[in-house]
Amino acid sequence: MAGPYRGVWPVVPTIFTETGDLDLEGQKRALDCMVDQGSDGLCILANYSEQFLLSDEEREILARHCIEHVAGRIPVIVAASHYSTRIVVERCRRAAELGASMMMLMPPYHGAALKGTEEQTREQFARASEAGLPIMVQDAPLSGVELSVPFLVRLAQEIDEVAYFKIETPQAAAKLRALIRAGGGAIEGPFDGEEAITLLADLDAGATGTMPSALVPDLLKPIVEAHRNGRRDEAVAAYGRVLPLINFENRQCGLRACKALMQAGGVIRSDHVRAPLGPLAPEVRAGLMELARPLDPVSLRWGR
């Protein structure tokens with residue numbers, strides 16, 4: 001599927017058994033549920049996929065498994081960040097072979113001490129572009145790397161494949177607005193992220209897509225579509241209904257929230273997360289469900 005890509009592209013959770021092994025059948029059900037929720041695309045092996053808790057072998061298994069199972073129904077982005085340029089290049093090449101539609105990369109970093117300079121970041125992205133896939137730059141505080149608007153524009157202007165940007169920094173709307181203004185047509189896909197907690201402001205700033213978690217993509221899509229079609233009052237009202245749940249996810253649950261809903265709705269058998277992450281506390285889980293049930297998300301009834 002060719003771009004330009006826009007809309008709601010949730011991050012796919014990695015599904016485990018209660019013992020922490022990959023649950024590939026559960027993974028298929030999660031993917032099918034996300035497709036049925038009206039997702040415009042999916043992102044695999046990202047931070048909300050617990051990528052930092054997966055072995056290289058598991059990454060390969062999941063990349064193949066997810067792309068083959070989605071089977072072109074909607075496009076799939078593969079997150080491929082690593083400090084090593086050589087590993088990033090290989091991950092991008094392999095994703096292209098498997099049929100991915102796009103790569104998502106953070107700047108090279110490894111803890112607080114090792115952070116790629118602008119030239120090192122540009123070189124890594126240029127090498128990654130050799131795989132021939134569009135690249136989404138993930139601009140998130142996790143890396144600790146400052147990506148200025150002029151540098152992001154430079155990446156877009158100098159590397160044809162760099163055309164999408166997921167902005168998750170504080171004051172994301174202001175950065176999106178500045179990026180679009182400075183980059184013009186080179187900024188093909190300005191996206192937001194961070195569970196869409198600033199979605200309305202980001203759409204007002206010109207974002208054409210969002211990459212949230214897999215919690216409620218079905219409830220976010222009408223917001224994005226209403227805003228795109230000039231029905232801002234409708235978008236504001238819908239956003240107001242879902243925002244308490246998104247805030248609870250963002251501040252209380254993190255990546256565990258979407259799995260908890262999928263398990264409660266019979267999509268998956270286990271919402272296990274790998275150590276050192278731990279399960280949701282019972283009272284946190286109860287609070288999540290209290291906010292989710294009145295909204296009737298697809299994930300709470302898909303498997304029933």
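Residues numbered from 1 in each chain as written. Predicted model: local features only at pLDDT ≥ 70, side-chain atom pairs only at ≥ 80, totals over all residues. Heavy atoms only, no water.

A. Inspection of the overall build of the protein chain at higher detail. What the protein chain contains, in helices and strands, is 11 helices and 10 strands. In terms of C-alpha radius of gyration, the protein chain reaches 18 Å, essentially the compact-globule figure of 19 Å for 304 residues. Taking the principal axes of its C-alpha atoms as reference, the protein chain extends roughly 50 × 45 × 35 Å. The 304 residues of the protein chain split such that 56% are buried. If you sum the accessible surface of the protein chain, you get close to 12,600 Å²; carbon and sulfur atoms cover 51% of it. (Helix = DSSP H or I, 4+ residues; strand = E, 2+ residues; numbered from the N terminus. Rg over C-alpha atoms; globule rule 2.2 N^0.38 Å. Buried < 20%, exposed > 50% of the residue type's maximum accessible area, 1.4 Å probe, protein only. Areas by Shrake-Rupley, 256 points an atom, 1.4 Å probe, with all protein chains shown as cover.)

B. Main features of the nonpolar core. Grouped together as the largest cluster of nonpolar side chains are 89 residues, with contacts concentrated most on Ile-44, Phe-165, Ile-223 and Leu-288. Ranked by residue count, the leading element in this core is helix H9 (residues 232–253), at eight residues. Judged by nonpolar contacts, the second largest core, of 17 residues, contains Cys-43, Ile-77, Ala-79 and Tyr-164. (Core = buried A, V, L, I, M, F, W, Y, C linked by side-chain atoms within 4.5 Å.)

C. Inspection of the pairing of strand S3 (residues 76–79) at higher detail. Of the two faces of S3, the one carrying Val-76 and Val-78 and the one carrying Ile-77 and Ala-79 are both buried. Bridge count for strand S2 (residues 42–44) against S3 is three bridges, and the pairing is parallel. By the bridge assignment, Cys-43 is partnered in S3 with Ile-77. When S3 meets strand S4 (residues 102–105), the two strands line up parallel, connected through three bridges. Residue pairing for S4: Ala-79 is matched across the bridge by Met-104. One crossover worth recording links S3 to the parallel S4 by way of helix H3 (residues 85–98), and it is right-handed. (Pairing = 2+ DSSP bridges. Right-handed = clockwise from strand over helix to strand, strands pointing away.)

D. Here's a closer look at the packing of helix H5 (residues 149–158) against helix H6 (residues 172–183). Running from amino to carboxyl end, H5 crosses H6 at an angle of 45°, the nearest separation of the two axes being 9 Å. By the angle between their directions, the pair H5 and H6 is classed as oblique. Two packed elements cross with a definite hand, and for H5 against H6 that hand is right-handed. For the pair H5 and H6, contact is made by Val-149, Leu-152 and Val-153 and by Lys-175, Ala-178, Leu-179, Ala-182 and Gly-183, respectively. Partitioning the contact of H5 with H6 into residue classes produces six nonpolar, one polar and one charged. (Axes fitted to C-alpha atoms, helices over the stretch in contact; angles between N-to-C directions. Parallel < 35°, antiparallel > 145°, perpendicular 65-115°, else oblique. Left-handed = near helix turned anticlockwise from the far one by under 90°. Contact = heavy atoms within 4.5 Å. Nonpolar A, V, L, I, M, F, W, Y, C, P; charged D, E, K, R; others polar.)

E. Molecular detail of the pattern of salt bridges. Counting across every chain of the model gives 21 salt bridges. Across the pair Glu-130 and Arg-127 runs a salt bridge whose closest N-O atoms are separated by 3.8 Å. Overall, the relative accessible area of 57% leaves Glu-130 in the exposed class. Several salt bridges converge on common partners, so that one network encompasses Glu-60, Glu-90, Arg-93, Arg-94 and Glu-97. (Salt bridge = Lys/Arg side-chain N within 4 Å of Asp/Glu carboxyl O.)

F. View of the packing of aromatic side chains. Evaluation of the coordinates by the stated rule reveals four aromatic pairs. Aromatic side chains Tyr-5 and Tyr-164 sit 6.0 Å apart centroid to centroid with 35° between the ring planes, which places their arrangement in the tilted category. Pair noted here: Tyr-5 is in the segment before strand S1 (7–8) and Tyr-164 is in strand S8 (residues 162–167), with a separation of 159 residues, a long-range link. Under the relative-accessibility criterion, Tyr-5 is labelled buried at 8%. (Phe/Tyr/Trp six-rings, centres within 6.5 Å; stacked < 30°, edge-to-face > 60°.)

G. Spatial organisation of the side chain of Asp-202. Tracing the backbone through its elements, the reader meets Asp-202 in helix H7 (residues 199–204). Here Asp-202 occupies a buried position and makes no salt bridge, while the nearest side chain of opposite charge, Arg-177, is found at 7.7 Å. Other than its neighbours up to four places away in sequence, Asp-202 contacts Ala-172, Ala-173, Leu-176, Asp-192 and Ala-207. (Lys, Arg positive; Asp, Glu negative; His and termini not counted.)

H. Main features of the sheet that holds strand S10 (residues 209–210). Strands sit in the order S1-S10-S9-S8-S7-S4-S3-S2 across an open sheet of eight strands; the sheet is parallel. If you trace the sheet from one side to the other, it starts and ends with S1 and S2, each paired once. Examined bridge by bridge, S1 and S10 share two bridges and lie parallel to one another. Bridge assignment links Val-8 to a residue of S10, and that residue is Thr-210. Along the sheet face, H6 touches strand S7 (135–139), S8 and strand S9 (189–192) and points at about 160° away from the line of S8.

I. Main features of the environment of Gln-51. Relative to the helices and strands, Gln-51 is located in the loop between S2 and helix H2 (56–70). Separated by 80 residues in the primary sequence, Gln-51 and Ala-131 have C-alpha atoms spaced 21 Å apart. The residues contacting Gln-51, other than those within four sequence positions of it, are Leu-45, Ala-46 and Arg-59. Side chain to side chain, Gln-51 and Asn-47 meet in a polar contact 2.9 Å long. (Polar contact = N/O pair within 3.5 Å; in protein donor to acceptor, adjacent residues only side chain to side chain.)

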